[in-house]
Amino acid sequence: MNWPGSLALRRYFLRYLDRKQPPLPALTLTQQRIYILPSRLGLWFAVLVVLLYLLGTNYQNNLILLCSFMLLSLLLLTMLQAFYNLYRLRLAVLADAQTYAGSPGALPLKLQSRDCRMLQLGLYGQKLQQLLPNLQGEQQFNLQLPLLPRGCYSLPRLKLSSQFPFGLFNCWSYPALSAQLWVYPAPMPPNDSAPLSAADPGQQRATAQTDADQLKPYQAGDLPSRILWKKLATHPEQPVVRQIPLAAARSEQWVQVPALTGPALEQALSMACYQLQQLETTGSQYGLMLPGKTLALGRGHRHLTSCLQELALC
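All chains use their own residue numbering, which begins from 1 and follows the written sequence. Predicted model: local features are reported for residues with pLDDT of at least 70 only, side-chain atom pairs are reported and counted for 80 or more only, and whole-chain, interface and lining totals are derived from all residues. Side-chain descriptors were evaluated using all non-hydrogen atoms of the structure, hydrogens and water having been removed beforehand.

### Examining empty space enclosed by the protein
The distinction between a cavity and a pocket rests on a 1 Å grid over the protein atoms alone: a 1.4 Å probe fits inside a cavity but cannot get out, while a pocket stays open yet meets protein on both sides within 12 Å along at least five of seven lines, and a residue with an atom within 4 Å of a point counts as lining. Grid points are joined across faces, edges and corners, and a volume is the space filled by probe spheres set on the points. The tally for this structure, following the rule as stated, stands at one cavity of 30 Å³ or more. What the largest cavity holds in volume is close to 50 Å³. Together, Ala97, Gln98, Thr99, Leu145, Pro146, Leu148, Leu181, Trp182 and Val183 line the largest cavity. Those elements that provide at least two residues to the lining of the largest cavity are β4 (97-100) and β10 (180-184). Nonpolar residues are Ala, Val, Leu, Ile, Met, Phe, Trp, Tyr, Cys and Pro. Charged residues are Asp, Glu, Lys and Arg, and all others, Gly as well, are polar. Counted by class, the lining of the largest cavity contains seven nonpolar, two polar and no charged residues. Under the DSSP-based scheme used, a helix requires at least four consecutive residues in state H or I and a strand at least two consecutive residues in state E, with every element numbered from the N terminus.

Here it is, written out as structure tokens:
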């Protein structure tokens, strides 16, 4: 149930948190970041303590008074234990979250604590939370993320909560970690009628000019630009030319995304994503041509990530 004005209070509280607790790559929970209030069970427990105290004073029964004092001590000790369960808990982001449209993602986190029990982690404003029963020392944790459309998102605030040890107090925190959520287009094999990749002829010529180790005798029809003129000057009776290996000519590919909008653009991006992954698997050099931007030829995981990020932002 949403009480009147609860949405305005939540927005004001978020603005307060953004001003006092900006996003950081790693942080430690201190008393300024931890909030604690009695749970419903804790409120009824406090009512029981008050009733026992009133009953003991009314009938002047020392045994009932002793019972009320013991329960009050237990309530206060539980409050301290609930606070120190989250106190000095350290969180750090290991890497940005990467996933594909239509697939759930996960954010790799590193948690460190001396002894934290029954820790629940999730995103602020979402009811679904993951349970970490026992955290001692340093541990890696993958925080599950909801399904998101293609794009790049900033990580929202997290919610860490616990009712350890007896469920009498709710102890929670809203830490903000600086991380990006990258959602790439879903890979889809391209149609034969609409190819997106082609070898660049200019790049092939550049590769042929730098590949001077593979030579062959001159034959009628060979381009004059491939003739080794220095060798021809010393051996005019045996001209040789540079030979273009087929593997080298096919190992450099360009993935091109045309200027489209709407569902046609999403389909083109999905096909380009599939082609980039296939080229990376085969070890080829590849580049990406987008409307208004071009990524140079390259290979490797970092180059593939750069290309996929450009597809996500397209």
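### Observations regarding the sheet that holds β10
Note on pairing: two strands pair once DSSP finds at least 2 bridges between them. Spatially, the three strands line up as an open sheet ordered β4-β10-β7, and their pairing is mixed. Only two strands of the sheet have a single partner each, and these edge strands are β4 and β7 (151-154). Strand-to-strand twist in this sheet, taken as the mean axis angle between neighbours without regard to direction, amounts to 20°. Pairing analysis gives four bridges linking β7 to β10, with the strands arranged antiparallel. The partner of Gly151 across the bridge, within β10, is Val183. All axes are obtained by fitting lines to C-alpha atoms, using only the stretch in contact for helices, and the reported angles, taken between N-to-C directions, cover 0 to 180 degrees.

### Some points on the layout of surface pockets
Of the pockets and cavities examined, the largest pocket occupies roughly 740 Å³. Elements with a minimum of two residues in the lining of the largest pocket: α1 (6-20), β2 (35-38), β5 (106-123), β8 (158-162) and β9 (169-173). Split into classes, the residues belonging to the lining of the largest pocket amount to 10 nonpolar, seven polar and three charged.

### What about the side chain of Gln21?
Of note, Gln21 is situated in the loop between α1 and β1 (26-28). Categorising residues by exposure relies on relative accessible area from a 1.4 Å probe, with only protein chains included: less than 20% of the type maximum marks a residue as buried, more than 50% marks it as exposed, and the intermediate range marks it as partly exposed. A relative accessible area of 6% means that Gln21 is categorised as buried. Polar contact criterion, stated in full: a pair of N or O atoms within 3.5 Å, where within protein one must be able to donate a hydrogen and the other to accept it, and residues adjacent in sequence count only if both atoms are side-chain atoms. At 3.3 Å, the side chain of Gln21 forms a polar contact with the backbone oxygen of Gln32. Throughout, a residue-residue contact means that at least one pair of heavy atoms, one from each residue, lies within 4.5 Å. Here Gln21 is in contact with Gln32, Arg33, Tyr35, Arg157, Tyr174 and Ala176, once residues within four sequence places are set aside.

### Points about the pattern of salt bridges
A pairing counts as a salt bridge when a side-chain nitrogen of Lys or Arg comes within 4 Å of a carboxyl oxygen of Asp or Glu. Under the criterion given, the structure shown has four salt bridges. With a closest N to O distance of 2.7 Å, Asp115 and Arg117 form a salt bridge. Given the relative accessible area of 34%, Asp115 is considered partly exposed. You can call Arg117 partly exposed: its relative accessible area is 29%. Residue Glu266 pairs with Arg150 through a salt bridge whose shortest N-O separation is 2.7 Å.

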